[in-house]
Amino acid sequence: MRFKLDCAMKLSKPVEADIKEIIASAADLLKKGAPDGEGAVIEKCGISGDEIQMTITSGRYVRPHNAVFRLKNHLCAELGKRYKVGVREIHGKRYTIEFELENEPKKEIKIPYAEVSFSGKKCKLDIKNVDENFLQDNFADRMINLVKEKADAELYEGKGEHWELLWEGKKRDYKWAKDPTKEMEKLGWIMHRGRGQWIFGPTVTRIIKTFESIVVDELIKPLGFEEVIIPKAVTWDVWKRSGHAKSIYPEVYFLCPPQTRDKEFWEDITDEFKITGEVPAEKIKEKIKAPIGGVSYAQCPPLWPYFAGKTIADDSLPIKVFDRSGPSMRYESGGIHGIERVDEFHRIEIVWIDKEEKLMETHAKLLEAYRHIFNDILLLEWRIARVTPWFMAQEGMIGVSEKKDVGTTDFESYLPYKGRDSPWLEFQNLSNNGDKYPKGFNVKAQHGELWSGCTGIGLERWLATFTAQHGLDPAGWPKEFAKRAGKLPDGIKFL
């Protein structure tokens, strides 16, 4: 790994000084923390008026973007003492970084701020005209890591996420094998409205609300969870700390506030609609601010600012909460299909926070509650699989967590109308997230370390699973579910 930085330091005023002598006196500073002979080196330097120009090189240790600030502090002290001159700013004219990857990239790799070139496994980053913040905030190290991340990701192309079967229930016989979405549309129970969005009429809403009541009665109340309301408008600060800001952009619905509420500013828009009857969307784009974030994509991250920067008393543990206050949205693109894969979806999100051992106890109790619901009440054919942890998948990572007990199990259901050879439907998951969120949001325990877990109950996915396996006639539904649902509302008739 080799680094070469050509940079200039702007002084507060011109000065005539023996700059080489001053720089030479800083040699030991550039070696501090590095093995013998592996610190940074000033290859050349000179002064012209109010600017010091220099070239700094190094290997892995004391990289130039760190060394230059050691030099700045040294020069400020020496020049200030001798000439009453300070260093105003640092400008990176050109920064060249060379390093080697484990595998030769198969395709071109691009990253912001740099020209990237390869010779086999060897990578070269050529970065030009960067300011002091770029150097001080270690952008260079992040760029190296980003290239490595992209190169590593190529190894997993076509492999998909990790999937490992843990348990599978018994096969069931089915008398009904139709696509429930199409059949419910024919009956007028549901209506497609917008991309990946559905209106659920009274009949289907009763089914969904019955699912909710089962979850409350069989899981939430027995395990002591309390209801909260979590925002569905999520700002960038949340996604930066949760990790989602690394990769969610192709799937998020963005939130863009208007530039102003002034009616005159919007008058041309309202006038055009009054004349044409059409909303001038392209003109609206010119009158809104940059996105402040997006609509809830994963339901639990916007809960965490409630705890951010605080220490939770031991007698407040475990924290057990759930939210069902509104929809989440995800741009599914070509993946939209029926009620099971939508852009707008409704979910009961369950979150618990505790010490590791106790967290695992709650996880086990949740799993048993789900087994009871699926096996004894809904009578589903389903299975459990260990998969790439949801937070890793949503951050664009592949594989499984290296931490013991941290990970996601997916609950998958068989869809009879698709056949035995088709993929099963992931209709919810159960995750132990380890210390990811407590650390990301700087949440501490009075004693010990905090972990968290979450489990999302996707109501559209439950609906798709239940109706695909049991049909739409209550006479064919499991007796316990039918009893809880009661007499279904009469459908709305249209003439």
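Check the entry above for the structure.
Residues numbered from 1 in each chain as written. Predicted model: local features only at pLDDT ≥ 70, side-chain atom pairs only at ≥ 80, totals over all residues. Heavy atoms only, no water.

Okay, the overall build of the chain next. Counting its regular elements, the chain contains 14 helices and 23 strands. Over its C-alpha atoms the chain spans a radius of gyration of 29 Å, topping by over 25% the 23 Å that the globule rule assigns to 495 residues. With the C-alpha coordinates of the chain rotated into their principal frame, the extents come out at 95 × 65 × 50 Å. About 26100 Å² of surface is accessible on the chain, with carbon and sulfur atoms providing 50% of the total. One finds the centroid of the 77 positive side-chain charges in the chain at a distance of 1 Å from the centroid of its 78 negative side-chain charges. (Helix = DSSP H or I, 4+ residues; strand = E, 2+ residues; numbered from the N terminus. Rg over C-alpha atoms; globule rule 2.2 N^0.38 Å. Areas by Shrake-Rupley, 256 points an atom, 1.4 Å probe, with all protein chains shown as cover. Lys, Arg positive; Asp, Glu negative; His and termini not counted. Charge placed at Lys NZ, Arg CZ, Asp CG, Glu CD.)

In space, the 8 strands of this open sheet follow the order 7-19-20-21-23-18-15-10, with mixed pairing throughout. Each having just a single partner strand, strand 7 (163-168) and strand 10 (226-227) make up the two edges of the open sheet. Across 5 bridges, the pairing between strand 7 and strand 19 (residues 382-387) is antiparallel. Within strand 19, the residue paired with Leu165 across the bridge is Ala385. Strands in contact with helix 6 (residues 202-223) are strand 15 (319-323), strand 18 (347-354) and strand 23 (451-458); relative to strand 18, the strand with the most contacts, it is inclined by about 10°. (Pairing = 2+ DSSP bridges. Contact = heavy atoms within 4.5 Å. Axes fitted to C-alpha atoms, helices over the stretch in contact; angles between N-to-C directions.)

Counting residues in hydrophobic clusters, the biggest one holds 54 residues, and the most contacted among them are Ile350, Phe374, Leu378 and Trp462. For this core, the element with the most residues is helix 6, which contributes 10 residues. Excluding residues that lie within four positions of it along the chain, Trp462 makes contacts with Phe211, Val215, Tyr370, Ile373, Phe374, Leu378, Phe427, Gln428 and Ile457. Among the nonpolar cores identified, the runner-up in size contains 47 residues, and Leu71, Val87, Leu125 and Leu135 belong to it. (Core = buried A, V, L, I, M, F, W, Y, C linked by side-chain atoms within 4.5 Å. Buried < 20%, exposed > 50% of the residue type's maximum accessible area, 1.4 Å probe, protein only.)

Positionally, Ile339 belongs in the loop between strand 16 (328-329) and strand 17 (344-345). Its relative accessible area of 0% is what places Ile339 among the buried residues.

Further remarks concern the packing of helix 6 against helix 10 (residues 356-377). A packed helix pair is summarised by two numbers, namely the angle formed by the two axes and the spacing between the axes. Where helix 6 contacts helix 10, the two axes come as close as 10 Å, and the packing angle between them is 155°. As summarised for this structure, helix 6 and helix 10 are arranged roughly antiparallel, according to the angle between their axes. In this structure, helix 6 crosses over helix 10, and the sense of that crossing is right-handed. Contacts between helix 6 and helix 10 pair Ile214, Val215, Glu218, Leu219 and Leu223 from the former with Lys365, Leu366, Ala369, Tyr370, His372, Ile373 and Ile377 from the latter. For the contact of helix 6 with helix 10, a count of residues per class yields 9 nonpolar, 1 polar and 2 charged. (Parallel < 35°, antiparallel > 145°, perpendicular 65-115°, else oblique. Left-handed = near helix turned anticlockwise from the far one by under 90°. Nonpolar A, V, L, I, M, F, W, Y, C, P; charged D, E, K, R; others polar.)

Glancing now at the packing of aromatic side chains. Evaluation of the coordinates by the stated rule reveals 30 aromatic pairs. Taking 6.4 Å as the distance between ring centres and 35° as the angle between the ring planes, the aromatic pair formed by Tyr113 and Phe139 counts as tilted. Of this pair, Tyr113 sits in the loop between strand 4 (87-100) and strand 5 (115-119) while Phe139 sits in helix 4 (residues 139-154), and the two are 26 residues apart along the sequence. Taking the relative accessible area as the measure of exposure, Tyr113 reaches 59% and is therefore exposed. Between Trp236 and Trp239, the aromatic rings sit 5.8 Å apart at their centres with planes inclined by 55°, giving tilted as the arrangement. Pair noted here: Trp236 and Trp239 are both in helix 7 (residues 236-242), with a separation of 3 residues, about one helical turn. Within the aromatic cluster, the residues linked to one another by ring pairs are Trp167, Phe211, Tyr370, Phe374, Trp382, Phe411, Phe427, Trp462, Phe466, Trp477 and Phe481. In this structure, Arg371 packs its charged tip against the face of Trp167, placed 4.8 Å from the ring centre. Its end group placed over the ring of Trp424, Arg383 keeps NZ or CZ at 4.1 Å from the ring centre. (Phe/Tyr/Trp six-rings, centres within 6.5 Å; stacked < 30°, edge-to-face > 60°. Lys NZ or Arg CZ within 6 Å of the ring centre and 35° of its normal.)

Here the focus is the side chain of Arg347. Counting through the fold element by element, Arg347 comes out in strand 18. Here the side chain of Arg347 touches Gln299 through a polar contact of 3.2 Å, side chain to side chain. Within polar-contact distance, the side chain of Arg347 engages the side chain of Glu349 at 3.4 Å. Those residues in contact with Arg347 that lie beyond four places of it in its chain are Tyr297, Ala298, Gln299, Asp323, Arg324, Ser328, Arg330, Gly456, Ile457, Gly458 and Leu459. (Polar contact = N/O pair within 3.5 Å; in protein donor to acceptor, adjacent residues only side chain to side chain.)

Turning next to the sheet that holds strand 12 (residues 254-255). Strand order in this open sheet of 3 strands is 11-13-12, and the pairing throughout is antiparallel. Of all strands in the sheet, those bounded by a partner on one side alone are strand 11 (233-235) and strand 12. Sheet topology note: the strand 12/strand 13 (residues 293-295) ladder contains 2 bridges and is antiparallel. Residue pairing for strand 13: Leu255 is matched across the bridge by Gly293.

In this structure, Pro318 follows Leu317 across a cis peptide bond, with omega equal to -5°. Relative to the elements of secondary structure, Pro318 occurs in the loop between strand 14 (311-312) and strand 15. A positive phi is found at Tyr113, a non-glycine position, where the angle reads about 75°. A positive phi angle, close to 60°, is found at Asn138, a residue other than glycine. Within the secondary structure, Asn138 is located in the loop between helix 3 (132-136) and helix 4.

Turning our eyes to something else, we now look at helix 10. For helix 10, built from 22 residues, the straight-helix expectation of 32 Å at 1.5 Å per residue is met to within 8% by its first-to-last C-alpha distance of 31 Å. For helix 10, the set of buried residues is Leu359, Thr362, His363, Leu366, Leu367, Ala369, Tyr370, Ile373, Phe374 and Ile377. Down the axis, helix 10 shows its buried residues gathered within 165° of arc, on one side only. Once helix 10 finishes, Leu379 follows within two positions and takes phi at roughly 50°, a positive value. (Expected span 1.5 Å × (residues − 1). Arc of directions from axis to C-beta.)

This part takes up the pairing of strand 23. Looking along a regular strand, one sees side chains alternate from face to face of the sheet. Taking burial as the measure, the 8 residues of strand 23 include 8 buried ones, the bulk of the element. Burial along strand 23 is two-sided: the residues Trp451, Gly453, Thr455 and Ile457 and Ser452, Cys454, Gly456 and Gly458 are all buried. Pairing analysis gives 6 bridges linking strand 21 (residues 425-434) to strand 23, with the strands arranged antiparallel. When the bridges of strand 23 are listed, Gln428 appears paired with Ile457.

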